[in-house]
Amino acid sequence: MTEITTHPGSCCETPKQHTRMRFAPLTWLGLSRQRRGLTRLTEHQLRDIGLTREQAEAEAQKPFWDVPLHWRN
């Protein structure tokens, strides 16, 4: 059986989870900036990364906490 240890005053069960939670606001801020940046790209730049204007606008409208699934692991 695996023992679960918690950090005093922490909501997380493992050091990895604690670290992830500590840096989450910085990650969310960066993601939010990147999403807003999509709206400033030209049509040519959007085409280069495989997005349409509509897709870029839809991504930019997502809330900061809506992160990609692979980030949640």
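Keep in mind that this is a model prediction, so the values were computed, not measured.

**Q** Quick question: what am I supposed to make of the overall build of the protein chain here?
**A** Along the backbone of the protein chain there are three helices and zero strands. In the protein chain, the succession of α and β elements from N to C terminus is α-α-α. The proportion of buried residues among the 73 residues of the protein chain is 15%. Here the analysis covers contacts within the protein chain between residues at least 6 apart in sequence; of these, 40% occur between residues at least 24 apart. Summed over all atoms, the accessible surface of the protein chain reaches about 6100 Å², with 58% contributed by carbon and sulfur.

**Q** Help me out: how do you make sense of the pattern of salt bridges in this one?
**A** Side chains carrying opposite charge are able to pair once their charged atoms draw close together. Counted under the stated rule, the structure contains three salt bridges. The shortest N-O distance in the salt bridge between Glu-59 and Arg-35 comes to 2.8 Å. One end of the pair, Glu-59, is in helix α3 (residues 53–60); the other, Arg-35, is in helix α1 (residues 15–38), and 24 residues separate them in sequence. By relative accessible area, which is 24% here, Glu-59 ends up partly exposed. The salt bridge involving Glu-43 is made with Arg-53; its shortest N-O contact spans 2.9 Å. With Glu-43 in helix α2 (residues 43–48) and Arg-53 in helix α3, this pair connects stretches of sequence that are ten residues apart. Overlapping salt bridges bring together Arg-35, Glu-59 and Lys-62 as one network.

**Q** Just to check I follow, could you spell out the side chain of Arg-35 for this structure?
**A** You can call Arg-35 buried: its relative accessible area is 4%. In this structure, Arg-35 is in contact with Glu-59, Ala-60, Lys-62, Pro-63, Phe-64, Asp-66 and Val-67, ignoring residues within four places of it in sequence.

**Q** So what exactly am I meant to see when it comes to a nonpolar patch on the surface here?
**A** On the surface, Trp-28, Phe-64 and Trp-65 cluster together into a nonpolar patch covering about 340 Å² of accessible area. Following the sequence through the fold, Trp-28 ends up in helix α1. Note on Trp-28: relative accessible area 31%, which makes it partly exposed.

**Q** Would you mind showing me how to read the confidence of the model for the protein chain here?
**A** The predicted coordinates ought not to be read in detail in places where the model reports low pLDDT. Overall, the predicted model of the protein chain reaches an average pLDDT of 77, with 64% of residues at or above 70. Mean pLDDT across the elements of the protein chain ranges from a minimum in α1, with 74, to a maximum in α2, with 97. Contacts of residues 1–7 to residues separated by more than four positions or lying in other chains number ten contacts, the stretch itself having pLDDT below 50.

Rules used throughout
- Residues numbered from 1 in each chain as written.
- Predicted model: local features only at pLDDT ≥ 70, side-chain atom pairs only at ≥ 80, totals over all residues.
- Heavy atoms only, no water.
- Helix = DSSP H or I, 4+ residues; strand = E, 2+ residues; numbered from the N terminus.
- Buried < 20%, exposed > 50% of the residue type's maximum accessible area, 1.4 Å probe, protein only.
- Contact = heavy atoms within 4.5 Å.
- Areas by Shrake-Rupley, 256 points an atom, 1.4 Å probe, with all protein chains shown as cover.
- Salt bridge = Lys/Arg side-chain N within 4 Å of Asp/Glu carboxyl O.
- Patch = residues over 30% accessible without salt bridge, like charges linked within 9 Å, V, L, I, M, F, W, Y side chains within 5 Å.
- pLDDT = per-residue confidence, 0-100.

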